[in-house]
Amino acid sequence: MFDINKIREDFPILNRKIYGKPLVYLDNGATVQKPRCVVDKIEELYYTCNANIHRGVHTLSQEATELTEQARKKVQAFINAKHSHEIIFTKGTTESINLVASSFCRRFCKEGDEIIVSAMEHHANIVPWQIEGDISGVKLKVIPINEKGELILEEFEKLISPKTRLVSVTHVSNVLGTINPIEKIIDIAHRHGIPVLIDAAQSVQHIPVDVQQLDCDFLAFSSHKIYGPTGVGVLYGKEEFLNRMPPYQGGGEMIGHVSFKGTTYNELPFKFEAGTPNYIDVIALGTALDYVLSVGLEQIKEHEDYLLHYCTSKLQEIDGIRFFGTSLNKSSVISFLVGNIHHYDMGMMLDKMGIAVRTGHHCAQPLMEELGIEGTVRASFAVYNTKEEVDIFVDGVNRIVGMFK
Ligand code: PLP
């Protein structure tokens, strides 16, 4: 059974006070807090099992290597990848997408080719393609959104042309909360023979994701948004693509043999993991996934959905509130503005009440431009948030609105 009090005990930071008030942490879209088991694992590893992986014959190095490869298998199982060598460890979603942009474009794209993204992408799924645009000449095409903040699928299909090389879209919008119909997007793209990358930074912590069932070609996510440590991310890629793509960075375990005449490269996944990997945090990501599975993704989603609907209905009572992202198929993110109150003012005043929300453009400036605003206030929920916290938050917003009247 889902016992919220027991879950909260797993997160010691929730006992903190901010300006003398109990912390109400609603900035989970940016990063989530870490359960004790993850922090303990990191300490345990540094105290008992720290040695550089892959290159050592000694016991510690072999143990650390074994644990790292076990973590890879945990990630493989978590997203149901066919092979563990299709799991590449990176620094985060951003690096995962940069890796694909750089390596995929070098292998498969030429001047004038097109990459399709959507109007609701995080900068991490826009800028890497623009950087590549300067090098290989690829161009971006953008799937528009409707007034609810949903992708317009009919327009998507019209964007596909003989020059389209890849579709790269977010599963869940970090601003609007919209859960995109990625099954349909993948199906449409594949019917035209085009591979698809899914930015799952905002989805894997809320929704079960099965890469074989989805049949996506690449998928990226960050450890720190799924209760794991910062500095680790995952890139899933189908073997057939990863094998054909050139390395992204050089050095470390990615080599086969190096000579000044020329270098050969290692096989997957090591070909894409240059330098000393962040093995301690990779192993702790495995612990975080164990934690998520022990609570149950379905139960996490049910709890967060309850908070989303409860909070939305309470906020709706506020005069002059405008929501950004009103799709029925929504994850636990609420973006809003009230009257003329600046989002920064709202955020700073909530902070004085102990409430942490995010304000600003949320690394989605093209979306802000589309919505005709500079930024929003964003509350986003995680497994440990409570109905009482929603009440404190809504009460805080009401008090601020009262002060501005
Ligand atoms: N994509 C989306 C949808 C995000 O929400 C984020 C972070 O907020 C990212 C990509 C980038 O993630 P990271 O900064 O962990 O690389």
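I will try to describe carefully the structure that is included in this document. Computed from a prediction, not measured in an experiment: that's the story for all the values here.

Quick look at the nonpolar core now. Core analysis: the biggest nonpolar cluster contains 70 residues, and F156, L219, Y227 and Y384 have the highest contact counts within it. Counting residues per element, this core draws most heavily on helix α10 (residues 279-295), at eight residues. Counting residues domain by domain, this core receives three or more from each of domain 1 (4-28 + 297-404) and domain 2 (49-293). Setting aside residues no more than four positions away along its own chain, Y227 makes contact with F11, V32, Q33, K34, P35, V38, A288, V292, E304, A382, V383 and Y384. If you look at the next biggest cluster of nonpolar residues, it comprises 27 residues, including L26, L307, C311 and L350.

In the vicinity of the ligand lie 13 residues, with T94, D199, Q202, S222 and K225 positioned nearest. At 2.7 Å, a side-chain N or O of S222 approaches an oxygen atom of the ligand. Protein contact buries 85% of the 390 Å² of open area that the ligand shows by itself.

Examined against the element boundaries, N125 turns out to sit in the loop between β5 (114-118) and α5 (127-136). Taking the C-alpha atoms as reference points, N125 and T170, separated by 45 residues in sequence, lie 8.1 Å from one another. Setting aside residues no more than four positions away along its own chain, N125 makes contact with I97, V117, S168, V169, T170 and D199. For N125, the side chain forms a polar contact with the side chain of W129, separated by 2.9 Å.

Attention now moves to the sheet that holds strand β4 (residues 87-90). A sheet is described by the order of its strands in space; here seven strands give the open sequence β4-β10-β9-β8-β7-β5-β6, paired in mixed fashion. Among the strands making up the open sheet, the edge pair consists of β4 and β6 (139-143). For this sheet the average axis-to-axis angle between neighbouring strands, irrespective of direction, equals 20 degrees. Across the sheet, helix α3 (residues 59-79) is in contact with β4, β9 (218-222) and β10 (233-237); its angle to β4 comes to roughly 115 degrees. In this fold helix α4 (residues 93-108) packs onto β4, β7 (164-170), β8 (196-199), β9 and β10, with an angle of close to 155 degrees to the strand it touches most, β9.

The next thing to look at is the packing of aromatic side chains. Summed over the entire model, instances satisfying the criterion amount to twelve aromatic pairs. Considering the side-chain rings of Y227 and Y384, the 6.4 Å spacing of their centres and the 85 degrees angle between planes classify their relative orientation as edge-to-face. Taken together, the residues span a long stretch of sequence, with Y227 in the loop between β9 and β10 and Y384 in the loop between β17 (376-380) and α14 (387-404) at a distance of 157 residues. Y384 sits in the buried class, given a relative accessible area of 0%.

Across the sheet, four strands lie side by side as β13-β14-β17-β16; this open sheet has antiparallel pairing. Only two strands of the sheet have a single neighbouring strand rather than two, namely β13 (321-324) and β16 (358-360). Taken over all neighbouring pairs, the strand axes of this sheet differ in orientation by 30 degrees on average, direction set aside. As defined by bridge partners, strand β14 (residues 333-338) adjoins β17 across four bridges and the pair is classed as antiparallel. By the bridge assignment, S335 is partnered in β17 with R378. Its contacts with the sheet put helix α11 (residues 297-315) on β13 and β14, and the angle it makes with β14 is roughly 10 degrees. Seen against the sheet, helix α12 (residues 343-352) touches β14, β16 and β17 and runs at an angle of roughly 160 degrees to β16.

How each quantity is defined
Residues numbered from 1 in each chain as written. Predicted model: local features only at pLDDT ≥ 70, side-chain atom pairs only at ≥ 80, totals over all residues. Heavy atoms only, no water. Core = buried A, V, L, I, M, F, W, Y, C linked by side-chain atoms within 4.5 Å. Buried < 20%, exposed > 50% of the residue type's maximum accessible area, 1.4 Å probe, protein only. Helix = DSSP H or I, 4+ residues; strand = E, 2+ residues; numbered from the N terminus. Domains from an automatic or database assignment. Contact = heavy atoms within 4.5 Å. Near = heavy atom within 4 Å. Polar contact = N/O pair within 3.5 Å; in protein donor to acceptor, adjacent residues only side chain to side chain. Areas by Shrake-Rupley, 256 points an atom, 1.4 Å probe, with all protein chains shown as cover. Pairing = 2+ DSSP bridges. Axes fitted to C-alpha atoms, helices over the stretch in contact; angles between N-to-C directions. Phe/Tyr/Trp six-rings, centres within 6.5 Å; stacked < 30°, edge-to-face > 60°.

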